[in-house]
Each structure stands twice: as structure tokens, then as C-alpha cells.
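Listed below are the residues making up each chain.
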Amino acid sequence: MLRLDGVLLLQIPTALSMNNMRKYFLLTVIVGAALWAALFFLKQNHSAKPASAEFDKAETEIIPAFPIASPKDSPNLEGSLPPAKVSSSINFSPRLQEIGQCLEIHNSLNDNARPTLEELQSSLFSSLGEVIETSLDWKNIHINLPNGEKRRIRIEVEADGEGAVRRQLQYYSVDTENLPVLIHLPPEQTENPTDTFIASLENEGQITLQEEARRGVYFHGAEIYYVERNGDLSEIEMNYRGKNVRCQDLNNERANCNCF
């Protein structure tokens, strides 16, 4: 104890107070450094996390420029186009087999054959060879005009007495009962009309039916008469070495062949 001018003073140990102050200062520095480091780490982590989250979100929420349709929703592109001309779905193979059996020839068979002239010729080629001569018997053409009216063209080929052939054209309109009404044309347009004139009539509108009958002779002597309707065979008649076969309705389910 010290007494100064009658005042009692408390003496504090100097060494002890200085030591405590150093410890307190050191502790404060350590704690402050730890807090600063923690705050810095949290700040860096906080700033990096949103960028990563936005990237993940962008990957999982990409919206295509055009919606992706499922197969059942996909449009039928072919349905939007004009239908292509295809052969009949009727199986021609049984008729080809009947023709070969009747004419007693070994013609080739195709299980997926359709009733077309090409299929018939391919089947008969190995036994009868190629068709070396053909001629037109008659031809029918049905036309729809742009104004809704209908036209019919009939061409018949006949042999005259001198061995030449004569081509006769008849031109028809169609009445309300769908019956043909003859349109009179000048003789030069009906007697042996030119191909150019026939084409001009065909080009007046849309052809809805084209049917023609032809005769032919094969290299090995067989004779054939056939009718094509819109590209498919509808009728065949053949004779070869005394055998005859006739097939009708080849372009529908009622197809049948008769041997005689």
C-alpha cells in the first residue's frame, strides 16, 4: 500500500497486467483472423454456387425451337402428297400358275406378283419368249373437265379389205344419268385421227380412267389378247398349241381363269 497526500492507493502488479494484455490481444487477433477467413470462404462459396445452379438449370430446362412430337403425333407426310399411282394389291401368282398349267408350259412364278403386263411377260418369257408384235384393238378414256363436265373418248381399230387398218374415234359428253351423248366431229377428226388431235382431247381435263385392249404374238407362236385398266391387267386370253386359257376380273377379288 502507498499513501499519497492522505490517499490510499492500490498497487497493481505491473508484470501481471501486461502479460494479460498480450494474451488478450493475441486472442483477439486469432479470433478476428478466423472470422475473416470464414467470411471470405462463405462469400466465395456463395458467389460460385448460383453460377453452377444456373448452368444445371439451363441443362435440364432446354426448350427446343420446335416441339418434339412423339411417333403417334407425327404427321403422315406421305398423306399430304398427291397419291402415287400404284399397282393393284391383288395377288396375281395363282392366276400365273393356272395359265402355265393350262398351256402346259413351265412359266416362272412370283409369290408377290401383281396383275400387270410386266409380271405376265416376266413369267412367260422362259417358255414363250418375247412378244414380237402387238396391235391396238380399242381404247377408252374418261375425262373430267375443269368446269365439272365429263367426256368420253372411244377409239376402235378395224381392218379394211385391203389389209390396212382404220382408226375410228368417237367423242361423247355425259348426261345427268351418266349416259354417253355423242358429240359430232368433222370426218377428218374421227376417221384416222392424228395422235396430236387425240392428245389435245385428253389434255382438256383430268383422266380418270384409261382402258385399252391389245393383241400380240410371242416369239414361240403363242397368241394373246389382253385388256389393261389404269395400268393393271383386267382380262387375258391366250392360245398356244391348241390350248386356250381365259382369265377375267384380274384386278379384283373375283379373278378367275378358265382352261378350254
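Refer to the structure presented above.
A brief structural summary. Predicted model, so just to flag it, every value in this text is computed and none were measured.

Details of the sheet that holds strand S10 (residues 243-248)
What the nine strands build is an open sheet, ordered S6-S5-S4-S3-S7-S8-S9-S10-S11; its pairing is antiparallel. Bordering the open sheet on either side are strand S6 (180-183) and strand S11 (256-259), each of which pairs with just one other strand. Pairs of neighbouring strands in the sheet enclose a mean axial angle of 20°, with direction left out of account. With seven bridges connecting them, strand S8 (residues 223-229) and strand S9 (residues 232-240) associate as antiparallel partners. Each bridged residue has a counterpart across the sheet, and for Glu228 the counterpart in S9 is Leu233. Relative to S9, helix H3 (residues 117-128) is tilted by about 20°, and along the sheet it contacts strand S3 (131-144), strand S7 (206-218), S8 and S9.

Notes on helix H5 (residues 195-202)
Turning to H5, its buried residues are Phe197, Ile198, Leu201 and Glu202. All buried residues of H5 fall inside an arc of 145° around its axis, so they share one side. The exposed residues of H5 that point more than 90 degrees off its buried face are Asp195 and Thr196. On its buried face, H5 sits against S3, strand S4 (150-159), strand S5 (165-174), helix H4 (187-190) and S7.

Quick look at the nonpolar core
Ranked by internal contacts, the top residues of the largest apolar core, which has 24 residues, are Ile99, Leu120, Ile236 and Met238. Listing elements by their share of this core, those giving two or more residues are helix H2 (93-103), H3, S8, S9 and S10. Among residues more than four places away in sequence, those in contact with Ile236 are Phe92, Ile99, Leu120, Ile224, Tyr225, Tyr226, Val245, Arg246, Cys247 and Leu250. Counting residues in each nonpolar core, the second largest holds 10 residues, with Ile141, Phe197, Ile198 and Leu201 among its members.

A closer look at unusual backbone geometry
Phi is positive for Glu104, which is not a glycine, with a value near 55°. Relative to the elements of secondary structure, Glu104 occurs in the loop between H2 and H3. Even without glycine at this site, Asn178 takes up a positive phi of about 65°. Inspection of the secondary structure assignment puts Asn178 in the loop between S5 and S6.

Overview of the pairing of S10
Relative to S10, S9 is paired through six bridges, and the arrangement is antiparallel. Following the sheet pairing, Tyr240 is matched in S10 by Lys243. Here S9 folds back onto S10, and the loop between the two strands holds two residues, one of which, Arg241, carries a positive phi near 55°. Looking at chain direction, S10 and S11 are connected through four bridges and run antiparallel. Across the sheet, the residue bridging to Arg246 is Asn258, located in S11.

Reading the values: rules and limits
Residues numbered from 1 in each chain as written. Predicted model: local features only at pLDDT ≥ 70, side-chain atom pairs only at ≥ 80, totals over all residues. Heavy atoms only, no water. Pairing = 2+ DSSP bridges. Helix = DSSP H or I, 4+ residues; strand = E, 2+ residues; numbered from the N terminus. Axes fitted to C-alpha atoms, helices over the stretch in contact; angles between N-to-C directions. Contact = heavy atoms within 4.5 Å. Buried < 20%, exposed > 50% of the residue type's maximum accessible area, 1.4 Å probe, protein only. Arc of directions from axis to C-beta. Core = buried A, V, L, I, M, F, W, Y, C linked by side-chain atoms within 4.5 Å.

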